[in-house]
There are 2 protein chains.
Amino acid sequence: MNDRLVDPADIAFQLDEIVDIDGLTHFARFAGQDRADYDAILETARAIATEKFLNHYAKSDREEPVLKDGAVVLPPEIAAGVKAFHDAGFAGAHHDAELGGLQLPWTVVQAAFAYFQAANIATVAYPFLTIAAANLIEAHGSDDQKRRYLGPMISGEFFGTMALSEPHAGSSLSDIRTTATLQEDGGYSIKGGKMWTSGGEHEMGRNIVHMLLARIEGAPPGVKGLSLFIVPRFRLNDDGTPGEANDVTLAGLNHKMGYRGTVNTVMSFGDRGACFGELVGEKNKGLAYMFHMMNEARIGVGMGAGMLAYAGFRESLVYARERQQGRPPGEKDPASPQVPLIRHADIRRLLVTQKAVAEGTLALALLCARWVDERRWSPHEEARADADLKLELITPVLKSWFSDAALRANEAAIQIHGGYGYTRDFPVEQIYRDNRLNPIHEGANAIQAIDLLGRKAGMKGGAALSAFGDEISATVSAARGAFPDEAAALEGAWRRLRDVTATLLQRQAKLGAEHALAPAQAYMDGFGGVVLAWIWLKQAQAARHMSRPYADEDFRNGKIQTCSYVFRWELPKALLAFEQLEALNDDQAYPPEEAF
Amino acid sequence: MNDRLVDPADIAFQLDEIVDIDGLTHFARFAGQDRADYDAILETARAIATEKFLNHYAKSDREEPVLKDGAVVLPPEIAAGVKAFHDAGFAGAHHDAELGGLQLPWTVVQAAFAYFQAANIATVAYPFLTIAAANLIEAHGSDDQKRRYLGPMISGEFFGTMALSEPHAGSSLSDIRTTATLQEDGGYSIKGGKMWTSGGEHEMGRNIVHMLLARIEGAPPGVKGLSLFIVPRFRLNDDGTPGEANDVTLAGLNHKMGYRGTVNTVMSFGDRGACFGELVGEKNKGLAYMFHMMNEARIGVGMGAGMLAYAGFRESLVYARERQQGRPPGEKDPASPQVPLIRHADIRRLLVTQKAVAEGTLALALLCARWVDERRWSPHEEARADADLKLELITPVLKSWFSDAALRANEAAIQIHGGYGYTRDFPVEQIYRDNRLNPIHEGANAIQAIDLLGRKAGMKGGAALSAFGDEISATVSAARGAFPDEAAALEGAWRRLRDVTATLLQRQAKLGAEHALAPAQAYMDGFGGVVLAWIWLKQAQAARHMSRPYADEDFRNGKIQTCSYVFRWELPKALLAFEQLEALNDDQAYPPEEAF
């Protein structure tokens, strides 16, 4: 197995010690499942990720999708990887057994996905998009729609996309112009252009199911007038098989810095007036439906960014151990042998910053997945509500703070490789380019910061903050014995966070949203730093009391030492951000337009 | 003219108000020159940069150098650009009139180069390497070597390279193995392989002059046994024209993330035992000679990184003004028109972080160039020594802190463009990839940090720190009236820096270099932040008292507002780094090897 993939010992540690995976098997939904089942699926994921995803990581970057005779041509390894993924049942792993799924916890599924993300983030995007589209249909579609679409999407015969953005709209979904006109048969005729549709057109599978946002004639302006449609590439015959083409045209491909294996398209719907769409759920509720999916997609983006950080960390760790380079400062004898890079303190700094982000993201994303399971399947209403609140609050932090940090981590992976890291001969170069997307897509990071400060921090009278605060308190209490300094520091940082939140919310009431939300990114900077510290204290504490050894003693030390690093070097940055926010004494956090 | 290039008003402001360019004309070296001469050369640079460098920026990335029948093939626009550069006299602009140069101040030459760096950093690398090689020969070569090589290098007939690193040596020049064996005719036979040689082989010009480090047989190990050689691609005939091939072989090309227009080579010297080299200066002094060049090259790297930040800033500023996207938070009417991106506070944050780095680097690099002129041409010995000390101290900061910050700035330029910034349709994508090299080459940034803390901070009993401290004091005094808060903050930050330096130097005496230098990067983080604050207070103060208007009133406001931004959001990070350094109470700043 390649060292680049996520460490299986770490996955096991996270599942047992951080997310209490066994606890999930008490839910009726997962009755009868046990840890051995989960281990088997994880091992399968790791094997397929290595053999069918990692194998073409470089190739599908080098040979990016091209248009040939109007068709999208991809390296054949992509289809082979996607097929293996579907054949092993991963696309339906979380679905009901009666839908052909394995009915596994989302937490386990996410842990399995970590391998695929670290192996080849671009190829796994195809099944991920299909899963997201299927989840939307499952949640909001009619029984008839579920019957016709879900099966083939789970099996990998049909693929899915999200056809949301438009060239003039970007992040502003409010400005979507694609129209849907009711037809006599109860269907809709779709007309409009979509931008940035990943997987919008290709020749894998037998059909592509576009989940498309459009405006029904007469609908109100803005996001309240958007409806969700199923728009298949090929219309379905009565027996459910793909039939005639549905007037969906590929207008062009976007050529990206990275993530190249995922074909990204400009799509045109209804050029000939013959594009058929099926309304999903109720009219004008499209964005609300989409947000449900998008929130889970955002967890996926944070996780994916973190798994690229993980891959870069593992690649650069191997390099740092093998590459002999230079001597420690103070070693005066030039005839002495060179030492491995890892002997240099600054190389270890570059490694530990990566480890903090990589393993921290894994822990946090799996906890989020656990909350997703809890929100949906917990027998206790209170637990469901509590999980929902935590997800509302932490999702933008995971998506945004951790994807920024993950890019920084990949920067460090290149730096460790020196000039070699800048060449296309080492994978860290591509990993970095791939990861540059994550702060942009699924809601640019600044939008996440505005969401955090403008909506989540004050939602339901601070209920989300309180729910997450209980997690912090639990960790502080548990760690007070073994890690008294860190426990006190985290407790203090959380108090500061609550205070600064109150200050900022008052400011919002006084100054209005535009001025008050201007420093939202600084709030996110601080908030994310506290979350990082929390997730590391939780890991360090768990490492002290592991129920079984996951690896050698260095594994435990690594968790504890990384926790120290985070508290020494990272958490203080969060406190500084809070201080800067509290020092804002006017309404102009950043220069006005005239300054440029 | 394209908006992407450095703002000519800013260049004029820097020359007049920050570096006092007129003051240089009092040096005998520059007697008779005036501002009009400088404006003319700057305008020429801007025109050539636009017409002959910017024109193929994307193309020479897309069509990177390839090997065809053993020869390196480059897009022809590169040779055309380089020729225009040489024809206009830029390669010899700073050289003596009698060598065919224009005898201009290095400061003016650097200001002219800013346009080329912003336009096409990869193409301008060819003349820059040639200039650096020529400078080495001018400084250390024999009269005969100067006579034979300098003329054709200035005119662009011969190109130059730095053949330093080797595959196993990387940053550790101490481990260079290439050998030089004295021949009967007094020349040397060179044998060995070199790695990362930019411009090592191509078909431009009539010859390539490799400045090569090798070890003469019997020389001591380490850097004290390295000698500098001129190794031409074609041996010179008696009349100075290129003659027979000199057994210099291209072993391969490196394929990079960016900077692709600059062909980067693996070279082999003396495979057939027939590679001739000429010793430059004295035996075993090669590294000392090289360092002289390398220090100026490091200023160039910092400047180049900053000019890429400048280019990204200007590109994203245009985009932020033109692109209509979303509405301010609080605007509830979805039927209201979208607003330009620049209306969003976070976009202005992303702009001002770029402006701070871009214009800050320009100011700092031009000051460094001014000190280079002063060190060489000032009539006052004290001024020469003072300039030398400041250069010793600030060069690693400019190279390292500012190249890290510049990469961050380019990250922001992409973020402003959203998904479009991630495509290869907008130049910010390439600018970012190009800039990723700067923290790596010419001494990786960690090595600069070790140089700063381990050598420069304590050199000559703290003389370099004191010399630079005088600059800080002068700025503080001048700014105290108009900017009392910032002046006090800078004064306090400098005091903190001096204190923490003393602490760290004591630590070094106590713990030894290896442990004491471990947190060198944190010292650099703090040091660079103070330098940024200083350069911006200097600019803000100058903006208040401009001797003439360089642009409209917004230009002045922009300088002052950016200064406020730096003091509010950036300088406190430096103070935090100092606090963290002073809090280190053991000898392990970062986790040990066993933590990984």
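So, a few notes on the structure that sits alongside this text.

Scoring rules and cut-offs
- Residues numbered from 1 in each chain as written.
- Chains lettered and ligands numbered in written order.
- Predicted model: local features only at pLDDT ≥ 70, side-chain atom pairs only at ≥ 80, totals over all residues.
- Heavy atoms only, no water.
- Buried < 20%, exposed > 50% of the residue type's maximum accessible area, 1.4 Å probe, protein only.
- Helix = DSSP H or I, 4+ residues; strand = E, 2+ residues; numbered from the N terminus.
- Contact = heavy atoms within 4.5 Å.
- Salt bridge = Lys/Arg side-chain N within 4 Å of Asp/Glu carboxyl O.
- 1 Å grid on protein atoms, 1.4 Å probe; cavity = no way out; pocket = protein on both sides within 12 Å on 5 of 7 lines; lining within 4 Å.
- Points joined across faces, edges and corners; volume = space filled by probe spheres on them.
- Nonpolar A, V, L, I, M, F, W, Y, C, P; charged D, E, K, R; others polar.
- Least-squares fit on C-alpha atoms with pLDDT ≥ 70 in both.
- Buried area = accessible area lost by both parts, 1.4 Å probe.
- Pairing = 2+ DSSP bridges.
- Polar contact = N/O pair within 3.5 Å; in protein donor to acceptor, adjacent residues only side chain to side chain.

## A look at unusual backbone geometry
All names here are of chain A. Here the phi dihedral of Asp 69 falls at roughly 50 degrees; this positive angle occurs in a residue that is not glycine. Located in the positive-phi region is Tyr 259, a residue other than glycine, with phi close to 50 degrees. A relative accessible area of 8% means that Tyr 259 is categorised as buried.

## Regarding the side chain of Thr423(A)
Within the secondary structure layout, Thr423(A) lies in the loop between helix H11 (381-417) and helix H12 (427-435). What makes Thr423(A) buried here is its relative accessible area of 1%. With residues near it in sequence (within four places) discarded, Thr423(A) still touches Glu429(A), Trp196(B), Asn254(B), His255(B) and Lys256(B).

## Structural notes on the pattern of salt bridges
According to the stated counting rule, one finds 88 salt bridges over all chains in the structure shown. Put simply, Arg343(A) and Glu593(B) hold a salt bridge, and the shortest N to O gap is 3.8 Å. You can see Arg343(A) sitting in the loop between helix H9 (286-322) and helix H10 (345-377) and its partner Glu593(B) sitting in the segment after helix H18 (553-583), one on each of two chains. Between Glu570(B) and Lys573(B) there is a salt bridge, with the nearest N and O atoms lying 3.4 Å from each other. Note that Glu570(B) and Lys573(B) are positioned in helix H18 at a spacing of 3 residues, about one turn of the helix. Residue Glu570(B) is classed as buried on the basis of its relative accessible area of 16%. One connected set of salt bridges, linked through shared partners, spans Asp10(A), Lys355(A), Glu359(A) and Lys559(A).

## Describing empty space enclosed by the protein
Taken as a whole and assessed by the stated rule, the structure comprises 2 cavities of 30 Å³ or more. Within this model, the largest cavity holds a volume of roughly 70 Å³. Around the largest cavity, the lining residues are Glu64(B), Pro65(B), Leu253(B), Asn254(B), His255(B), Lys256(B), Arg260(B), Thr262(B), Val263(B) and Asn264(B). Classifying every residue of the lining of the largest cavity gives 3 nonpolar, 4 polar and 3 charged. Quantified by volume, the second largest cavity comes out at close to 50 Å³. Around the second largest cavity sit Glu64(A), Pro65(A), Leu253(A), Asn254(A), His255(A), Lys256(A), Arg260(A), Thr262(A), Val263(A) and Asn264(A), which together line it.

## Description of the relation of the copies chain B and chain A
Once turned by 180 degrees and shifted 0.0 Å along the axis, chain B lies on chain A with an RMSD of 0.0 Å. Taken together, the rotation angle and the small translation identify this as a two-fold axis.

## Examining the interface of chain B and chain A
Each partner contributes residues to the interface: chain B has 94 residues there, and chain A has 94 residues. Approximately 8400 Å² of surface area, both sides summed, lies buried where chain B meets chain A, with 57% of it carried by carbon and sulfur atoms. Taken together, the links from chain B to chain A amount to 10 salt bridges. The salt bridge partner of Asp175(B) is Arg327(A), with a shortest N-O separation of 2.6 Å. The element contributing the most residues to the side of chain B that touches chain A is H18(B), with 10 residues.

## Comments concerning the environment of Glu43(A)
In this fold, Glu43(A) is placed in helix H3 (residues 35-53). C-alpha separation for the pair Glu43(A) and Pro8(A), spaced 35 residues apart in sequence, amounts to 8.6 Å.

## What to know about the environment of Gly187(A)
Residues and elements named next belong to chain A. Its location among the elements puts Gly 187 in the loop between strand S4 (179-182) and strand S5 (188-198). For Gly 187, a relative accessible area of 8% translates into the label buried. Separated by 89 residues in the primary sequence, Gly 187 and Phe 276 have C-alpha atoms spaced 6.8 Å apart. Leave out the neighbours within four places in its chain, and Gly 187 touches Thr 181, Leu 182, Phe 276 and Gly 277.

## Points about the pairing of strand S12 (residues 276-280) of chain A
In the case of a regular strand, side chains alternate between the two sheet surfaces. Residue and element names in this part refer to chain A. As defined by bridge partners, S5 adjoins S12 across 2 bridges and the pair is classed as antiparallel. Among the inter-strand pairings, Ser 189 is bridged to a residue of S12, identified as Phe 276. With 3 bridges joining them, strand S7 (residues 226-232) and S12 adopt antiparallel strand pairing. Residue pairing in the sheet places Phe 229 in a bridge with Leu 279 of S12.

## A few points about the environment of His210(B)
All names here are of chain B. Here His 210 is to be found in strand S6 (residues 207-216). It is 5.8 Å that separates the C-alpha atoms of His 210 and Gly 160, two residues lying 50 residues apart in sequence. Residues in contact with His 210, not counting those within four places in the same chain, are Thr 161, Ala 163, Gly 200, Phe 229, Ile 230, Val 231, Arg 233, Val 248, Met 267 and Phe 269. At a separation of 2.9 Å, a polar atom in the side chain of His 210 contacts the side chain of Thr 161.

Any functional reading would require information that these geometric values do not contain.
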